[in-house]
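# Chains, contacts and geometry: an overview
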Amino acid sequence: MQKRQLGPCVTFFPQPTTLVSTVGIGGAFDVMTASWVSIVSKTPPTLTVSLNRGRLTYEQIRDTGCFVVNMVPAKLAGEADYCGLRSGRDRDKLAVSGLTPVKASRVAAPLIAECPLNVECRLLREVELGEYALVLGEILEIHAVEAAFGEDGGIDAGVFDPLVYLGGIREYWSLGDLAGIAYRDGKRFYAGEQGP
Ligand SMILES: Cc1cc2nc3c(=O)[nH]c(=O)nc-3n(C[C@H](O)[C@H](O)[C@H](O)COP(=O)(O)O)c2cc1C
């Protein structure tokens, strides 16, 4: 496979498209698009989001100590893009986009009703990264759309239809077909292993 060196730039690892919803000291809600988001620990359940220090979202998380990460479905690509273009400092993005804030169960920041998965977080700590801050949140509660659960207890990922962001080339994609089962498909190589 022939490769081209790109240097140390922001390239297109596929990333989730999320909406981070927050509340300010005065009770005003804001919502911003974030793709530098990941679950980073199972025990304790921890999530991280990398935020530019100039974002209203960052200010509100520091002021009130909480946030919600909402998974964006593919059909909301336009709404999510809007929330990544404008700042809550000068626009009421919820009102303009039509997204609906609803009360969360453990934190003061709102859930976004139209998103199929909402993760309530308490600010744990942050790691300084130049212009950015890696904000670590303890996951306190998760709300997942009921329709995704089958009678056998399995989850149908298609119901979530998560919007994928390719940062380096600024494109949104939806998921393709199921490509495999984790912690199972790799086991076919066990037979060719040497040693214990
Ligand atoms: C697809 C997409 C992903 C983004 N991801 C991030 C991110 O992970 N971190 C960040 O600081 N800004 C990110 N942004 C930019 C913010 O969403 C944008 O600056 C927004 O206006 C900030 O809003 P706020 O000031 O109301 O918090 C992203 C924008 C888009 C369109």
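Look above for the structure.
Heads up: these notes are all about the structure in this document. Just so it is clear, the structure is predicted and the values come from calculations on it, not from any experiment. (Residues numbered from 1 in each chain as written. Predicted model: local features only at pLDDT ≥ 70, side-chain atom pairs only at ≥ 80, totals over all residues. Heavy atoms only, no water.)

## Considering the overall build of the chain
Basically, it comes down to this: Helix and strand labels come from DSSP, where a helix needs a run of H or I of at least four residues and a strand needs a run of E of at least two; each type is numbered from the N terminus. Categorising residues by exposure relies on relative accessible area from a 1.4 Å probe, with only protein chains included: less than 20% of the type maximum marks a residue as buried, more than 50% marks it as exposed, and the intermediate range marks it as partly exposed. Whether two residues touch is decided by their heavy atoms; if any such pair falls within 4.5 Å, the residues are in contact. Per-residue and other accessible areas follow the Shrake-Rupley method at a 1.4 Å probe size, with only the shown protein chains counted as cover for residues. Charge counting follows a simple rule: Lys and Arg are positive, Asp and Glu are negative, and His as well as the terminal groups are ignored. Charge positions are represented by NZ for Lys, CZ for Arg, CG for Asp and CD for Glu.
Within the chain, the secondary structure is distributed over four helices and twelve strands. Sorting the 196 residues of the chain into buried and exposed places 36% on the buried side. At a minimum sequence separation of 6, the contacts of the chain that also span at least 24 residues come to 60%. Put simply, the chain shows about 12300 Å² of open surface, and 55% of that area lies on carbon and sulfur atoms. Computed over 19 positive and 23 negative side-chain charges, the separation of the two mean positions in the chain equals 6 Å.

## Side note on the packing of aromatic side chains
Using the following cut-off: Between the rings of Phe, Tyr and Trp (Trp by its six-membered ring), a pair exists once the centres lie within 6.5 Å; its type follows the angle of the planes, with under 30 degrees stacked, over 60 edge-to-face, and the other angles tilted.
Per the counting criterion, the structure on display carries two aromatic pairs. Consider the rings of Tyr-165 and Tyr-172, whose centres lie 5.4 Å apart with planes at 40°: the pair is tilted.

## A short note on the site of the ligand
The criterion, for reference: A single heavy atom is enough: if one lies within 4 Å of a molecule or strand, its residue is considered near that molecule or strand. Whenever a nitrogen or oxygen atom comes within 3.5 Å of another N or O atom, the pair is scored as a polar contact, on the condition that within protein one atom can donate a hydrogen and the other can accept it, and that pairs from neighbouring residues in sequence are kept only if both atoms are in side chains. Every definition here rests on a 1 Å grid over the protein atoms only: cavities are sets of points where a 1.4 Å probe fits but cannot get out, pockets are open sets enclosed by protein on both sides within 12 Å along at least five of seven lines, and lining residues have some atom within 4 Å of a point. To decide whether a molecule occupies a pocket or cavity, check its atoms: if more than half lie within 2 Å of the grid points, it is inside. Gly counts as polar in this scheme, as do all residues outside two lists: the nonpolar Ala, Val, Leu, Ile, Met, Phe, Trp, Tyr, Cys and Pro, and the charged Asp, Glu, Lys and Arg.
Among the 22 residues in the neighbourhood of the ligand, the closest are listed as Asp-30, Thr-57, Arg-86, Ser-87 and Gly-88. Asp-30 places a side-chain nitrogen or oxygen 2.6 Å from an oxygen atom of the ligand. Here a nitrogen atom of the ligand sits 2.8 Å away from a polar atom, N or O, in the main chain of Ser-50. Expressed as a share of its isolated accessible area of 650 Å², the protein-covered part of the ligand is 89%. Taking a 2 Å distance to the grid points as the criterion, the majority of the atoms of the ligand fall inside the largest pocket. Among the elements of the structure, β3 (29-34), β5 (46-52), α1 (56-64) and α2 (77-85) are those that each provide at least two residues to the shell around the ligand. Considered class by class, the residues forming the shell around the ligand number nine nonpolar, eight polar and five charged.

## Brief notes about the layout of surface pockets
Applicable threshold: Grid points are joined across faces, edges and corners, and a volume is the space filled by probe spheres set on the points.
Counted as a void, the largest pocket has a volume near 730 Å³. Taken together, 30 residues line the largest pocket, and the ones lying closest to its centre are Thr-33, Ser-35, Arg-55, Gly-84 and Tyr-165. Listed by contribution, the elements that provide at least two residues to the lining of the largest pocket are β3, β5, α1 and α2. Per-element accounting of the lining of the largest pocket gives the leading share, five residues, to α2. Of the residues belonging to the lining of the largest pocket, the class tally is twelve nonpolar, twelve polar and six charged. Size it by volume and the second largest pocket reaches roughly 350 Å³.

## Describing α2
For α2, the complete set of buried residues consists of Ala-77, Ala-80, Tyr-82 and Cys-83. At its buried positions, α2 is contacted by β2 (18-23), β3, α3 (93-97) and β11 (163-166).

## Details of the side chain of Lys-93
Mapped onto the secondary structure, Lys-93 falls in helix α3. Engagement of the side chain of Lys-93 in a polar contact is seen with the backbone oxygen of Val-31, the distance being 2.9 Å.

## Description of α1
Since the α-helix turns once every 3.6 residues, residues separated by three or four places project in the same direction. Burial in α1 covers these residues: Leu-56, Thr-57, Tyr-58, Gln-60 and Ile-61. Elements in contact with the buried residues of α1: β2, β3, β5, β6 (66-71), β9 (117-129) and β10 (132-144). The positive-phi residue at the C-terminal boundary of α1 is Gly-65, with phi of around 70°.

Worth remembering: the numbers are spatial, not functional.
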